[in-house]
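# Survey of secondary and tertiary structure
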Amino acid sequence: MRRKLAAGNWKMNGERAALDEIGLLAALPAAAAVDVLVCPPATLLAAAAERAAGTALTIGAQDCHHAPSGAHTGDISAPMLADAGARAVILGHSERRADHGETSETVRRKAAAAHAAGLVAIICLGETETERDQGRALDVAADQLARSLPDSVDALNTVIAYEPVWAIGTGRLPSTAQIAEMHGHLRARLADRPGAGIAAGIRILYGGSVKPDNAAAIFATPDVDGALVGGASLKAADFAPIIEALAATG
Ligand code: 13P
């Protein structure tokens, strides 16, 4: 049985005052079947992990380098993130693919590094609007999946986040039928590699304009194991009802 996961991606938002939101989320009663993760910017990781210590809330990061250490000015390694208190790391987000030229091969190396450091790799993928219009969404996402997955993948150390690029920060959403089709397709491809047993345990999140008022419909969609939430994760008052909607799906 896959545990549900509500994950927040704060992106490049949040200074020390935002730690109060971490405190509010950490104080929420733990929902038995739902994991809650917040990924603040790297500058807040250690302090956020301290605020969340001893609660059900876990803290994650937004990117890592593929090497454990070395001459890479400005980069942060997976062991450093783990040392700061992160339990997971978002990899291959479309903003990194677009802004930093990250390829799926880059993502695969980073995911292997995350696994070696004991972190859960949250591997993001998704089609652009043009690719969907051309009828290529399923193929594009499957190709990103195949290339981004390292051999170290197992059911617990990897989460897939389907984030259609055109739905991120736009208020636009795929239909629940399109989400179900994509998630079913990704799970079938996972059954090809790494294999059916692991595929059954890997969580597939939906991400892109998830809000309190649309969360319940998304979470009722087959093969959706939770959400990767951007803007609506910045305030506990917005993220909490999304977590509740996920818990209500049982
Ligand atoms: P929004 O929820 O702000 O659309 O962002 C989604 C996202 O990119 C999460 O990683």
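Further up the page is the structure itself.
Please read these numbers as outputs of a predicted model, since none were measured by experiment.

The rules we used
Residues numbered from 1 in each chain as written. Predicted model: local features only at pLDDT ≥ 70, side-chain atom pairs only at ≥ 80, totals over all residues. Heavy atoms only, no water. Helix = DSSP H or I, 4+ residues; strand = E, 2+ residues; numbered from the N terminus. Rg over C-alpha atoms; globule rule 2.2 N^0.38 Å. Buried < 20%, exposed > 50% of the residue type's maximum accessible area, 1.4 Å probe, protein only. Contact = heavy atoms within 4.5 Å. Areas by Shrake-Rupley, 256 points an atom, 1.4 Å probe, with all protein chains shown as cover. Lys, Arg positive; Asp, Glu negative; His and termini not counted. Charge placed at Lys NZ, Arg CZ, Asp CG, Glu CD. Pairing = 2+ DSSP bridges. Axes fitted to C-alpha atoms, helices over the stretch in contact; angles between N-to-C directions. Phe/Tyr/Trp six-rings, centres within 6.5 Å; stacked < 30°, edge-to-face > 60°. Polar contact = N/O pair within 3.5 Å; in protein donor to acceptor, adjacent residues only side chain to side chain. Salt bridge = Lys/Arg side-chain N within 4 Å of Asp/Glu carboxyl O.

Scanning the protein chain from terminus to terminus reveals 10 helices and 8 strands. Taking 250 residues into account, the globule formula puts the C-alpha radius of gyration at 18 Å, and the protein chain, at 17 Å, falls close to it. Once the C-alpha set of the protein chain is aligned to its principal axes, its extents read approximately 45 × 45 × 35 Å. Residues classed as buried in the protein chain amount to 50% of the 250 residues present. Excluding contacts between residues fewer than 6 apart, the proportion of contacts in the protein chain whose partners are at least 24 apart in sequence is 73%. Just so you have it, the protein chain exposes about 10700 Å², and 53% of that area is on carbon and sulfur atoms. Side-chain charges of the protein chain comprise 22 positive and 28 negative groups, with the mean position of each set lying 3 Å from the other.

Our focus in this paragraph is the sheet that holds strand 6 (residues 158–162). Pairing is parallel in the closed barrel, where 8 strands are placed in the order 1-2-3-4-5-6-7-8. Between one strand and the next, the sheet's axes are offset by a mean angle of 25 degrees, whatever the strand orientation. The sheet contact formed by strand 2 (residues 34–39) and strand 3 (residues 57–61) spans 3 bridges and is parallel. Its bridge partner being in strand 3, Val 36 is matched across the sheet by Leu 57. Packed onto the sheet, helix 1 (residues 19–26) meets strand 2 and strand 3 and runs at close to 140 degrees relative to strand 3.

Here the focus is the environment of Ala 78. Tracing the backbone through its elements, the reader meets Ala 78 in helix 3 (residues 78–84). Judged by its relative accessible area of 0%, Ala 78 is buried. For the pair Ala 78 and Leu 186, spaced 108 residues apart in sequence, the C-alpha separation works out to 26 Å. If near-sequence neighbours (up to four positions away) are discounted, Ala 78 is found in contact with Cys 64, His 65, Ala 113, Ala 114, Ala 117 and Leu 119.

This part is about the packing of aromatic side chains. Counted under the stated rule, the structure contains 1 aromatic pair. Between Tyr 162 and Tyr 206, the aromatic rings sit 6.2 Å apart at their centres with planes inclined by 65 degrees, giving edge-to-face as the arrangement. In this pair, Tyr 162 sits in strand 6 while Tyr 206 sits in strand 7 (residues 203–207), placing the two residues 44 residues apart along the sequence. Judged by relative accessible area, which is 0%, Tyr 162 ranks as buried.

By the secondary structure assignment, Asn 157 is in the loop between helix 7 (137–148) and strand 6. Its relative accessible area of 13% is what places Asn 157 among the buried residues. Separated by 2.9 Å, the side chain of Asn 157 and the backbone oxygen of Ser 152 make a polar contact. Leaving out residues up to four positions away in the same chain, Asn 157 has contacts with His 115, Leu 119, Val 120, Ala 121 and Ser 152.

What follows concerns the environment of Gly 201. Checked against the element boundaries, Gly 201 lands in the loop between helix 8 (176–199) and strand 7. Between the C-alpha atom of Gly 201 and that of Arg 16, which follows or precedes it by 185 residues, the distance is 36 Å.

This next bit is on the pattern of salt bridges. Where charged atoms from two side chains of opposite charge approach closely, those side chains can pair. Per the stated rule, a full pass over the model turns up 19 salt bridges. Taking the shortest distance from any N to any O, the salt bridge between Arg 203 and Asp 35 comes out at 2.9 Å. With Arg 203 in strand 7 and Asp 35 in strand 2, this residue pair connects regions lying 168 residues apart in the sequence. Under the relative-accessibility criterion, Arg 203 is labelled buried at 13%. Taking relative accessible area as the criterion, Asp 35 reaches 25% and is therefore assigned partly exposed.

As for its placement among the helices and strands, Ala 47 is situated in helix 2 (residues 45–52). Separated by 38 residues in sequence, Ala 47 and Asn 9 place their C-alpha atoms 16 Å apart.

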